[in-house]
Amino acid sequence: MKILIINGPNLNLLGTREPDIYGGKTFEEYFSHLQFKFRSLELSYVQSNIEGEIISELHNADKTFDGIVLNAAAYTHTSLAIGDAVKAIETPVVEVHISNTHAREEFRHKSFIAANAKGVILGFGLKSYDLAITSFIKDEE
Ligand code: DQA
């Protein structure tokens, strides 16, 4: 099974960015852990700070991957275009967030992705990604 993780803007700064909220680990460190834990899967990972690139990643992943784990970061709350892209493709997308966005500022409560996602996992720190990948495995049982 092939799973693609797409990380949006500022998530390249994990490890140093607001560590009280997002923790002290880089995503590369965490991705190595995921690759080891889910070694029977083919995991890929991309990060972009650019909205259109995230949309193209979603288009290109369609039917090539079995599942997409998407943390669109701040674009979650602003991007109708990313929400439309998630709706337009067949490959299921699970929306993830490291923090519990509902416990934060009100502008983080809105998601343009959630309605078109297979599901949403948020608030478990980096473990949110682990739970999202696990949700795809369960589908095969
Ligand atoms: C985030 C939550 C967003 O509100 C924020 O803009 C991010 C990260 C998270 O993973 O908790 O950049 O998506």
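Conventions and cut-offs
Residues numbered from 1 in each chain as written. Predicted model: local features only at pLDDT ≥ 70, side-chain atom pairs only at ≥ 80, totals over all residues. Heavy atoms only, no water. Salt bridge = Lys/Arg side-chain N within 4 Å of Asp/Glu carboxyl O. Buried < 20%, exposed > 50% of the residue type's maximum accessible area, 1.4 Å probe, protein only. UniProt positions renumbered as here; feature names shortened; annotations may be inferred. Helix = DSSP H or I, 4+ residues; strand = E, 2+ residues; numbered from the N terminus. Contact = heavy atoms within 4.5 Å. Near = heavy atom within 4 Å. Polar contact = N/O pair within 3.5 Å; in protein donor to acceptor, adjacent residues only side chain to side chain. Areas by Shrake-Rupley, 256 points an atom, 1.4 Å probe, with all protein chains shown as cover. Nonpolar A, V, L, I, M, F, W, Y, C, P; charged D, E, K, R; others polar.

S.K.: Got a minute to help me understand the pattern of salt bridges in this structure?
M.R.: Between side chains of opposite charge, pairing is possible as soon as their charged atoms come close. According to the stated counting rule, one finds 5 salt bridges in the structure shown. Among the salt bridges present, the one from Glu18 reaches Arg17, with a minimum N-O distance of 3.9 Å. Residue classification places Glu18 among the partly exposed residues on the basis of a relative accessible area of 37%. One salt bridge connects Lys63 with Asp62, and the closest N-O pair in it is separated by 3.4 Å.

S.K.: Sorry, what's going on with the UniProt feature "binding site: substrate" (unreviewed entry) in the chain here?
M.R.: When the UniProt feature table is mapped onto this chain numbering, "binding site: substrate" (unreviewed entry) sits at Asn71, His77, Asp84, Ile98, Ser99 and Arg108. Across 38 residues of sequence, these annotated residues are also dispersed in space, with a maximum C-alpha separation of 23.6 Å. Within the fold, Asn71 resides in strand S3 (residues 67-71). Sequence-distant contacts of Asn71, defined by excluding residues within four places in its chain, comprise Ile6, Asn7, Gly8, Leu11, Val96, His97, Ile98 and Tyr129. Within the secondary structure, Asp84 sits in helix H4 (residues 80-88). Residue classification places Asp84 among the partly exposed positions, given a relative accessible area of 44%.

S.K.: How do you make sense of the site of the ligand when you look at a structure like this?
M.R.: Contacts to the ligand come from Arg17, Tyr22, Asn71, Ala73, Ala74, His77, His97, Ile98, Ser99, Thr101 and Arg108. Ala74 places a main-chain nitrogen or oxygen 3.3 Å from an oxygen atom of the ligand. Ser99 places a polar side-chain atom, nitrogen or oxygen, 2.6 Å from an oxygen atom of the ligand. Notes on the ligand: free accessible area 320 Å², of which the protein chains cover 99%. Looking at the shell around the ligand residue by residue, the classes come out as 4 nonpolar, 5 polar and 2 charged.

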